[in-house]
Amino acid sequence: MAYSLNTARSGSLTLQLYDNRDIYRDKYTGDITDNQKLVNNYLKASLLYRYNFSKKLFVQTDLTLQHVMSAVNNAKENNWLFLPTLYLSYKTSERGRVVVNAVSGYV
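A few points on the structure. Because the structure is predicted, anything quoted here is derived from the model rather than measured.

## Description of the side chain of Thr64
Okay, so step 1: The topology assignment puts Thr64 in strand E4 (residues 57-72).
Okay, so step 2: Exposure remark for Thr64: the relative accessible area of 4% places this residue in the buried category.
Okay, so step 3: Within polar-contact distance, the side chain of Thr64 engages the side chain of Ser46 at 2.8 Å.
Okay, so step 4: A polar atom in the side chain of Thr64 sits 2.8 Å from the side chain of Asp62.
Okay, so step 5: Excluding residues within four positions of it along the chain, Thr64 makes contact with Lys44, Ala45, Ser46, Leu81, Phe82 and Leu83.

Structure follows, in structure tokens:
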């Protein structure tokens, strides 16, 4: 789900909500037969703001709050993450652009 609002100077404000769940089931056979279930759930809320200084230069911020829940069989892990991102873009020609990104992430 996303909601966008256009602002001054062709800027924009966007709110996004995202939920994704991955489930994997594996069966191992050999001397001992074993089963494993892996569940990953990601709930993400992002607030993006873009401001155009001119036709060549814009800046965009992305403030993301993400909840990650992972479970392997009965072992669970929950994390709340704040993942801010800053983009700065300058158009050098019709086919060229210089982009600087400052990104935080989680593995």
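## Observations concerning a nonpolar patch on the surface
Okay, so step 1: Side chains of Met1, Tyr3, Leu5, Leu13, Leu15, Leu17, Leu47, Tyr49, Leu63, Leu65, Trp80 and Phe82 sit close together on the surface and give an oily, nonpolar patch of about 1200 Å² of accessible area.
Okay, so step 2: Elements that contribute at least two residues to the nonpolar patch include exactly strand E1 (2-7), strand E2 (11-28), strand E3 (34-52), E4 and strand E5 (75-91).
Okay, so step 3: For the nonpolar patch, the element with the most residues is E2, which contributes three residues.
Okay, so step 4: Among the structural elements, Phe82 can be located in strand E5.
Okay, so step 5: What makes Phe82 exposed here is its relative accessible area of 54%.

Cut-offs and rules
Residues numbered from 1 in each chain as written. Predicted model: local features only at pLDDT ≥ 70, side-chain atom pairs only at ≥ 80, totals over all residues. Heavy atoms only, no water. Helix = DSSP H or I, 4+ residues; strand = E, 2+ residues; numbered from the N terminus. Buried < 20%, exposed > 50% of the residue type's maximum accessible area, 1.4 Å probe, protein only. Polar contact = N/O pair within 3.5 Å; in protein donor to acceptor, adjacent residues only side chain to side chain. Contact = heavy atoms within 4.5 Å. Patch = residues over 30% accessible without salt bridge, like charges linked within 9 Å, V, L, I, M, F, W, Y side chains within 5 Å. Areas by Shrake-Rupley, 256 points an atom, 1.4 Å probe, with all protein chains shown as cover. Salt bridge = Lys/Arg side-chain N within 4 Å of Asp/Glu carboxyl O.

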